[in-house]
Amino acid sequence: MFKGYIKMAITSIRRSKWRSLLTMFGVIVGIVSVVTTVSLGEGIKHQVTGEIKSYGSDVITIRPGRLVNRDQHGKVKSVNIINSFTANTITNADLKTIAGTHGVKQSVPLAIVSGKATSESVSDDNAIIMATTPDALQLINQKIEFGSFFTDTDRAAHAVIIGPKIAQDLFQENVPIGRTLKVRGQEFVVWGVFQASSSSPITAATDFNKSIVMPYNVAKSLSDSPPQISQVLVRAENTSQINQTIQNITIELKRAHGDQEDFTILKPDETLAATSSVVTLLTSFVSGIAGISLFVGGIGIMNIMLVSVSERTREIGIRKAVGATNHQILSQFLTEAMVLSITGGVLGIIIAVICSYLLRIFTSLTPIVTLPVILVATGVSLLVGIIFGVIPAFQASRKDPIDALRYE
Amino acid sequence: MPVIELKDVSKLYGFGDATTIALDEITLRIEKGEFVAIMGPSGSGKSTLMNIIGVLDRPTHGTYILNDRHVARLRSGQQARLRRDKIGFIFQSFNLLPRLNVIENVALPLAYKNMTQVRRLKRAATMLERVGLGDREYFLPRQLSGGQLQRAAIARALVSDPSIIIADEPTGNLDSGSSRVVMELLSDLHKEGNTILLVTHNPELTRFASRVVYVQDGAVIGDEQSAIGEVSKIARKMITLLPKTTEEDDLAGVSALMKSIPGGDKLLSQARKRGRKRATKPTKRRRKTNLRGKR
């Protein structure tokens, strides 16, 4: 019998193609926006995971400010996004403290230098100008494609390593080694170019494609105030004792900061957790908004079903006269609403998949449409059909056969 | 064993001062194999009677037993099943679903019976063959003439092998040629042993009936066996009494006619009384008239 209902529903939907399409439109828009945002979020998470892995699984990140709140077991409970941009609590002296802590093998500051880079002809506002020490190359896990990184003997050299995107933007060539660029009035010689790396738009990690890296000591001389340290990367002597090392650093830094824990130490996998919880928050927020359009789409279905029920009053009367029970009439109209909404849902999923591919082709975003997302979207559209189809179907089923037969 | 047994069945609409009595304690037995014609003026309650017999409506009082089952006690789902299995409707306006083709329309009652589609269509095809529409199976209703539509509707009424076929003015929308075909078909069905209930205005159609029931003001005022092939006497007589236009001005004309009939005076005074009574129920009458006027 259920097959019969579906057949009836399809017949009746095909009868008024335009009206059905417009009715489905609300559901289509809702599903497209929800699926696209969720898969964008998935894509970003995926990229971040990839980045963290390339960071090295034994690298501890220390950031200024209280970035995360932990529960008593040390698990990340919540993330403060704002703090990561404003705090400036790690100082030069802290670098020495960290380097001297027991169990630390290497430690490297990543400092942000404010200012913009200019070549002879072009200036670039988007460049991330960073200062670091020669050991950084082993911790950031970036490869040099052309030229070389600065070494211990070059601490005072006016040298920079630039990302491939900066090479293009400033010099319009792939290998601008030996050419000069200016930062804060001082000239720097390009020593090397990073290998291009994939990166996501929203991440806690740094995009080295767009970076200009100079020696830390040189950066100190650029202005009166020392460069702002945005993170310190630390490698422990013994990978198995990461937790012990983290504890040591925490104790040492707290002592230096007057027992104030105004910094955050993240384990390798926690960097991922911090980023992905931000992404999850954003994704659920945007898909919540998109969900509203799904609700509106549902109301559209209800509206059309109500119109359809009153238009087909006579049909209902005839069906009842030949022996349809209330329940059978209810099922018929409910199935019709469900077929409408699920068709809209499937169309929406198809469009969302197409959108995702277009986004992959034309932007740096890499949305991933996963099977659970598709299943949930299908389920949700079915649910919309049931919720908003039940009232019209109930109305249809309660019609009095005599009145319905007289209806013109 | 009667197929239908009505005992003191009443149907009231509204309540208090606005109560309208559509059926007034009607008692009626219809035996298997009878061809009953129900006659009466519009507003007499014959449609209400038909709806109650057809289990589309419930009586306010009284008992209705269809095939040994007390209908009033059934829940709506059971009533629907009773309609599906025991009753075949034939309407004045055919009431075929315009978007289904003829064979699907005929198979519609079976669709609610969980019968497989193949068996459904096979049975529907047999029925269409029987009413002479074997070559019109896949036509849409709008591609058929009125007579063909009504024959399709008869096939639909027959498809679930009902205990009783209820035909409500089946020839009301048809020309005389198609009417004849339809009535002869019903007559054939009667001869095959089907029980048929025919609601009609036309006394000529009582030729096909084995029994004529005359209803007025919600009560059965005449019930006689009539020989097939003859117009029932009561029908012929009563039809002349029908107040077709307004009451008072017609009475003048009718009076003259009545006086010429033996015993006419008595009938005339009855008619006058009823005419006045009817005039006090204008709302209901208008509604019924509209009903008849549609299409």
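Placed above this text is the structure.
Keep in mind that what you see is a predicted model, and the values were worked out from it rather than measured.

Caption draft 1: Representation of the sheet that holds strand E3 (residues 35-39) of chain B in the model. Residues and elements named next belong to chain B. If you trace the six strands from one edge of the open sheet to the other, you get E6-E7-E8-E3-E9-E10, paired in mixed fashion. Across the chains shown, the open sheet's two edge strands, defined by having one partner strand only, are strand E6 (87-90) and strand E10 (219-225). Neighbour-to-neighbour, the strand axes of the sheet open up by a mean angle of 15°, direction not taken into account. Examined bridge by bridge, strand E7 (residues 164-168) and strand E8 (residues 195-200) share five bridges and lie parallel to one another. In the sheet register, Asp168 faces E8, and the bridge partner there is Val199. Docked against the sheet, helix H6 (residues 176-191) engages E3, E6, E7 and E8, running at close to 150° with respect to E8.

Caption draft 2: Representation of the nonpolar core in the model. The biggest cluster of nonpolar side chains holds 71 residues, and the ones touching the most others in it are B:Ile4, B:Leu6, B:Leu49, B:Tyr64 and B:Leu66. A total of 10 residues in this core trace back to one element, the largest contributor, which is helix H11 (residues 326-362) of chain A. Filtering out sequence-adjacent residues up to four positions away, B:Leu49 remains in contact with B:Leu6, B:Leu23, B:Ile26, B:Leu28, B:Ile38 and B:Val215. If you look at the next biggest cluster of nonpolar residues, it comprises 43 residues, including B:Val102, B:Ala107, B:Ala125 and B:Leu198.

Caption draft 3: Quick look at unusual backbone geometry. Residues other than glycine seldom take positive phi values, yet B:Asp8 does so here, at roughly 50°. Among the structural elements, B:Asp8 can be located in strand E1 (residues 2-13).

Caption draft 4: Structural detail: the side chain of B:Gln150. Position of B:Gln150 among the secondary structure elements: in helix H5 (residues 146-158). What B:Gln150 contacts, discounting residues up to four positions off in sequence, is B:Ile90, B:Phe91, B:Gln92, B:Phe94, B:Pro170, B:Leu174 and B:Val182.

Caption draft 5: Main features of a nonpolar patch on the surface. Residues and elements named next belong to chain A. There is a patch of nonpolar side chains on the surface, built from Trp18, Leu21, Leu22, Val346, Leu347, Ile350, Ile354, Leu358, Ile361 and Phe362 and spanning about 1,100 Å² of accessible area. If you list the elements that add at least two residues to the nonpolar patch, you get helix H2 (17-55) and H11. Since its relative accessible area comes to 47%, Ile354 is described here as partly exposed.

Cut-offs used in this document
Residues numbered from 1 in each chain as written. Chains lettered and ligands numbered in written order. Predicted model: local features only at pLDDT ≥ 70, side-chain atom pairs only at ≥ 80, totals over all residues. Heavy atoms only, no water. Pairing = 2+ DSSP bridges. Helix = DSSP H or I, 4+ residues; strand = E, 2+ residues; numbered from the N terminus. Axes fitted to C-alpha atoms, helices over the stretch in contact; angles between N-to-C directions. Contact = heavy atoms within 4.5 Å. Core = buried A, V, L, I, M, F, W, Y, C linked by side-chain atoms within 4.5 Å. Buried < 20%, exposed > 50% of the residue type's maximum accessible area, 1.4 Å probe, protein only. Patch = residues over 30% accessible without salt bridge, like charges linked within 9 Å, V, L, I, M, F, W, Y side chains within 5 Å. Areas by Shrake-Rupley, 256 points an atom, 1.4 Å probe, with all protein chains shown as cover. Salt bridge = Lys/Arg side-chain N within 4 Å of Asp/Glu carboxyl O.

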